[in-house]
Amino acid sequence: MTVVTGAAVPGPDGRLRCPWGLSTEDYVAYHDDEWGRPVHGDDALFERLCLEAFQSGLSWITILRRREGFRSAFDGFKIASVAGYTDADEERLLADPGIIRNRAKIRATLANARMLAEWPSGELDNLIWSYAPDGARRPAPRTIADVPAVTDESTALAKELKKRGLRFVGPTTAYALMQACGLVDDHLTDCVSRGGGAA
């Protein structure tokens, strides 16, 4: 296990990465291939929104290691499918060891799907991406200490999502979503994945 310091650190291949991306083997591919890369599509963004909500109060590695279980349990996070879930589905989910069995978070996921199913196609994508800050005006973080947990944009996004009836979408969750889905690039300055790079 790599010691997590503030600046980018070399991995086994010698390339510099954000220290969290080397803190456990499970993180390497996620860091290199997913985190910070643009995600589009209502269902894909719904999945990320749900997983970030389930992560609230937990470590992301806990969610990442159960992601396939979540996808299986929630029908690939297809909004139209999850919106049709019944009380029996809620009980099924509460009994599923492949996910985080938190009743409030499960209920929020189902309620959010029902709400989003009423939106026009593409509206979730358009709404979330409308809060992407101007990347040219954001200095690249040099160390982990330079990476914020909340921004004005994430606070505004959370407020708008809540105003539209969505649950478990506070400013911190909204910012984690923005990071994961590429609205912001919080890979450190010297990280090989900065700007979408690790290939």
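Everything here concerns the structure above.
Reference entry: report on the structure contained in this document. (Residues numbered from 1 in each chain as written. Predicted model: local features only at pLDDT ≥ 70, side-chain atom pairs only at ≥ 80, totals over all residues. Heavy atoms only, no water.)

**Focus: empty space enclosed by the protein**
Logical step 1: By the definition in use, this model includes 1 cavity of 30 Å³ or more.
Logical step 2: Approximately 40 Å³ is the volume attributed to the largest cavity.
Logical step 3: If you trace the largest cavity, you find it lined by L49, C50, A53, K105, A108, T109, N112, R167, F168 and V169.
Logical step 4: Elements with a contribution of two residues or more to the lining of the largest cavity: α2 (42-55) and α7 (103-117). (1 Å grid on protein atoms, 1.4 Å probe; cavity = no way out; pocket = protein on both sides within 12 Å on 5 of 7 lines; lining within 4 Å. Points joined across faces, edges and corners; volume = space filled by probe spheres on them. Helix = DSSP H or I, 4+ residues; strand = E, 2+ residues; numbered from the N terminus.)

**Some words on the side chain of K105**
Logical step 1: Along the chain, the position of K105 falls in helix α7.
Logical step 2: E52 provides the closest opposite charge to the buried, salt-bridge-free K105, at an N-O distance of 10 Å.
Logical step 3: Here the side chain of K105 touches S56 through a polar contact of 2.6 Å, landing on its backbone oxygen.
Logical step 4: Other than its neighbours up to four places away in sequence, K105 contacts A53, F54, Q55, S56, L58 and F168. (Buried < 20%, exposed > 50% of the residue type's maximum accessible area, 1.4 Å probe, protein only. Lys, Arg positive; Asp, Glu negative; His and termini not counted. Salt bridge = Lys/Arg side-chain N within 4 Å of Asp/Glu carboxyl O. Polar contact = N/O pair within 3.5 Å; in protein donor to acceptor, adjacent residues only side chain to side chain. Contact = heavy atoms within 4.5 Å.)

**Here we look at the environment of P133**
Logical step 1: Note that P133 resides in the loop between α8 (123-129) and α9 (152-163).
Logical step 2: Taking the C-alpha atoms as reference, P133 lies 6.9 Å from E153; in sequence the two are 20 residues apart.
Logical step 3: Not counting the four nearest positions on each side in its chain, P133 is found in contact with R138, E153, M178, L183 and V184.

**Section: helix α6 (residues 87-94)**
Logical step 1: Among the residues of α6, those classed as buried are D89, E90, L93 and L94. Down the axis of α6, the buried side of the element spans an arc of 140 degrees, and every buried residue falls inside it.
Logical step 2: Contacts made by the buried residues of α6 are with α4 (67-73) and α7.
Logical step 3: Where α6 begins, the side chain of T86 points an oxygen toward the backbone nitrogen of A88, at a separation of 3.2 Å. (Arc of directions from axis to C-beta.)

**Remarks on unusual backbone geometry**
Logical step 1: In this structure, D75 is a non-glycine residue whose phi angle is positive, near 50 degrees.
Logical step 2: Tracing the backbone through its elements, the reader meets D75 in the loop between α4 and α5 (79-83).
Logical step 3: When its relative accessible area of 33% is taken as the criterion, D75 is described as partly exposed.

**So, the nonpolar core**
As a rule of thumb, nonpolar side chains are buried together in soluble globular proteins.
Logical step 1: Core analysis: the biggest nonpolar cluster contains 48 residues, and F46, F70, F74, L93, L124 and L161 have the highest contact counts within it.
Logical step 2: At 6 residues, the largest contribution of residues to this core is made by α2.
Logical step 3: In this view, F70 contacts L51, F54, I63, F77, G98, I99 and I100; residues no more than four positions away in its chain are not counted. (Core = buried A, V, L, I, M, F, W, Y, C linked by side-chain atoms within 4.5 Å.)

**A word on the layout of surface pockets**
Logical step 1: Here the largest pocket is characterised by a volume of approximately 500 Å³.
Logical step 2: Along its surface, the largest pocket is lined by 20 residues, and W20, W35, V147, A176 and Q179 are the ones closest to its centre.
Logical step 3: Put simply, the parts of the chain that give the lining of the largest pocket at least two residues each are α1 (25-33), α2 and α10 (171-180).
Logical step 4: Ranked by residue count, the leading element in the lining of the largest pocket is α10, at 5 residues.

**Considerations on the packing of aromatic side chains**
Logical step 1: Under the defined criterion, the tally for this structure stands at 10 aromatic pairs.
Logical step 2: A centroid spacing of 4.9 Å and a plane angle of 75 degrees characterise the contact between W20 and W35, whose relative ring orientation is edge-to-face. Remark: W35 occurs in the loop between α1 and α2 and W20 occurs in the loop between β2 (16-17) and α1; sequence separation between them is 15 residues.
Logical step 3: An aromatic cluster is defined as three or more aromatic residues linked by ring pairs; in this entry it consists of F46, F54, F70, F74, F77 and Y85.
Logical step 4: One residue, R92, lies across the ring of Y85, its end atom 5.2 Å from the ring centre.
Logical step 5: Lying over the aromatic face of W119, R164 brings its terminal NZ or CZ to 5.1 Å of the ring centre. (Phe/Tyr/Trp six-rings, centres within 6.5 Å; stacked < 30°, edge-to-face > 60°. Lys NZ or Arg CZ within 6 Å of the ring centre and 35° of its normal.)

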